[in-house]
Structure formats: structure tokens, C-alpha cells
Amino acid sequence: MSLKIPEHVAIIMDGNGRWARKRGLPRIAGHYKGAEVAEDIVEFAIELGIKHLTLFAFSTENWNRPKEEVEALFELLRRYLQTKKDKLYKLGIRVRFIGRRDRINKELVKLMQEIEEESKKFKNLFLNLAVDYGGRDDILRAVKKAVKLQREEITEELFSSLLDLSCSPDPDLLIRTAGEKRISNFLLWNLAYTELYFSETLWPDFSREEFLKALEDFSRRKRKFGRVLDE
Ligand code: IPE
Ligand code: IPE
Ligand code: MG
């Protein structure tokens, strides 16, 4: 069977903490290994011709973790963006951040804006990084914009354009690692017709082979969108 390449893949990168615990390491060590894996999957996505990739890095609920872990996660993000931004540009990646900005450190927000601005001209891959992102929060912020419009104007298409992911089509495939079978407040509106794939592998152990397995599974799916398929 030939491999169908989805236009947009979204990933809930889960299992960093369990990966570290299994090794007797602090949870943050799992996050660092997870960031390396994310970097490799981004490169692989370009090689495969995937156009949009959305990665869940920090949820609106992740603020409820211990302060040290939250701080370490943002420090990891800051360091990663600072040291990898030139590589992202070299690879021709357009980066966008989805989620709230108002609870994130101002210096980090500045760096995020700089990267969005600098990478605007690139189009090898649209990389959406979900930071302080929650699906309900995304919808609520869109509703607050929508109430200023005329009732008749508010169609599904228009409402979609008010959401954070307005510049990417809905994901074709969602991958969640580490065995949990839930959405955890990720892209609630945009996942309406997305194919779901769950892997038992912890994110720091995820690999190109595992990613290919998900794509092979996706290639066998019959997407119907509510219709009857001609057999
Ligand atoms: C995913 O790994 C990364 C984030 C949510 C930031 P976890 O930290 O949730 O790992 P587990 O689920 O505890 O193993
Ligand atoms: C979802 O993972 C958020 C990210 C991967 C960033 P969580 O580990 O926070 O989700 P739950 O708590 O298991 O639902
Ligand atoms: Mg988790």
C-alpha cells in the first residue's frame, strides 16, 4: 500500500515524566530528551512532505504542576528557541505559536514574536507550537471576538478564522503517545474529523519508525466525513 502523506499532523507529546521515572531521573530529564525527539520529528516531517505540524508543548492545565517543573519547562523552551532558531530558518520553517501569551514571561514572548516575524517568509513547513494552549480557551477567545460581529456573519468558516490555528487546515491525523487515550483539551474545534492514532511508546522513545507506523495506519483509514463511500 502506498503511503498517504497527511497535509497536517498534530501531536500530543506525552510520557516524558514516565520515561524519566523509569530511569530514576528527574522529570525534567524526560522533557529534555523529548525536545530532542521533537526536533528530529520536525526534520522528518519536512523530508516526508508534510506541510503543517502542530506540537502540544504546554497546556493551560499544565500550570497546575509543581512550580519547579513549570519553570524548568519554560526554561527549556526558551533555551531551545534561542539555540535552534537559526536552524529553523535554515530549514525554511515558518513558526507560529498558538495559545495564550498573557501568562508567559515577557522576554520569552518577545523571542516568540521575533521568531514568528523572522520565519514569516518560509514555507517548507508550517510549525505550530502550542504553548499555554487549551482548546476551550481558544474557543472562548474566538467567541469574544465573534460577539462583536453581526450574528449572520458568524459561519463555521468565519469562526474557524478566529481560532489560533486559522492559518492551517484542520489536522488530518492526531498522534498521542504514552498510551493515554484522551484529547486533554487540545484542539477541540479543529479535531472534528481528524483521524486519531494512539501509541504506547513514551514520547522520549518515539522515533522516525514509530512516526512511519502512524502514517501507515493513517493510509489505511477510510475517511468518510459523514458520507457513504462508493465501494
Ligand atoms: C508530556 O509529558 C509533556 C508535557 C505535558 C509538558 P508528561 O510530563 O505529561 O509525562 P507523563 O505523562 O507525566 O509521563
Ligand atoms: C497533554 O499532556 C499536554 C501536553 C502534552 C503538553 P498531559 O500529560 O498534560 O495530559 P493529561 O494530564 O495526562 O491529560
Ligand atoms: Mg502526561
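Before any of the text, the structure's been laid out above.
I will try to describe carefully the structure that is included in this document. (Residues numbered from 1 in each chain as written. Chains lettered and ligands numbered in written order. Predicted model: local features only at pLDDT ≥ 70, side-chain atom pairs only at ≥ 80, totals over all residues. Heavy atoms only, no water.)

1. Things to note about a nonpolar patch on the surface
Here is step 1 of the chain: A contiguous nonpolar surface patch, about 260 Å² in accessible area, is contributed by Leu-140, Val-143 and Val-147.
Here is step 2 of the chain: Mapped onto the elements of the fold, Val-147 is located in the loop between helix 5 (135-146) and helix 6 (156-161).
Here is step 3 of the chain: The exposed category is assigned to Val-147, whose relative accessible area is 62%. (Patch = residues over 30% accessible without salt bridge, like charges linked within 9 Å, V, L, I, M, F, W, Y side chains within 5 Å. Areas by Shrake-Rupley, 256 points an atom, 1.4 Å probe, with all protein chains shown as cover. Salt bridge = Lys/Arg side-chain N within 4 Å of Asp/Glu carboxyl O. Helix = DSSP H or I, 4+ residues; strand = E, 2+ residues; numbered from the N terminus. Buried < 20%, exposed > 50% of the residue type's maximum accessible area, 1.4 Å probe, protein only.)

2. A few points about the environment of Asp-14
Here is step 1 of the chain: One can find Asp-14 in the loop between strand 1 (8-12) and helix 1 (16-22).
Here is step 2 of the chain: Given a relative accessible area of 16%, Asp-14 falls into the buried group.
Here is step 3 of the chain: Along the sequence, Asp-14 and Arg-176 sit 162 residues apart, while their C-alpha atoms lie 6.8 Å from each other.
Here is step 4 of the chain: Ignoring anything within four residues of it in the chain, the contact list for Asp-14 reads Arg-176, Thr-177, Ala-178, Glu-180, Leu-202 and Trp-203.
Here is step 5 of the chain: In terms of polar contacts, Asp-14 uses its side chain to reach the side chain of Arg-18, at 3.2 Å. (Contact = heavy atoms within 4.5 Å. Polar contact = N/O pair within 3.5 Å; in protein donor to acceptor, adjacent residues only side chain to side chain.)

3. Details of the packing of helix 3 (residues 67-90) against helix 4 (residues 106-118)
Here is step 1 of the chain: At their nearest, the axes of helix 3 and helix 4 sit 11 Å apart, and the two run at 20° to each other. Judged on the interaxial angle alone, helix 4 and helix 3 are roughly parallel. As helix 3 packs across helix 4, the resulting crossing turns out to be left-handed. Residues Phe-74, Leu-77, Arg-78, Leu-81, Gln-82, Lys-85 and Tyr-89 of helix 3 form the contact with helix 4, whose own contacting residues are Leu-108, Leu-111, Met-112, Glu-114, Ile-115 and Glu-118.
Here is step 2 of the chain: A class-by-class count of the residues in the contact of helix 3 with helix 4 yields eight nonpolar, one polar and four charged. (Axes fitted to C-alpha atoms, helices over the stretch in contact; angles between N-to-C directions. Parallel < 35°, antiparallel > 145°, perpendicular 65-115°, else oblique. Left-handed = near helix turned anticlockwise from the far one by under 90°. Nonpolar A, V, L, I, M, F, W, Y, C, P; charged D, E, K, R; others polar.)

4. Considerations on the site of ligand 2
Here is step 1 of the chain: Neighbouring ligand 2 are Ile-12, Met-13, Asp-14, Phe-56, Ala-57, Phe-58, Asn-62, Arg-65, Arg-176, Arg-182 and Ser-184.
Here is step 2 of the chain: Between Arg-182 and ligand 2, the recorded distance is 2.8 Å, taken from a side-chain N or O atom to an oxygen atom.
Here is step 3 of the chain: Within the side chain of Ser-184, an N or O atom sits 2.6 Å from an oxygen atom of ligand 2.
Here is step 4 of the chain: Out of a free accessible area of 390 Å², ligand 2 has 79% covered by protein chains.
Here is step 5 of the chain: The biggest single contributor to the shell around ligand 2 is strand 2 (residues 52-59), with three residues.
Here is step 6 of the chain: Taken together, the residues of the shell around ligand 2 sort by class into five nonpolar, two polar and four charged. (Near = heavy atom within 4 Å.)

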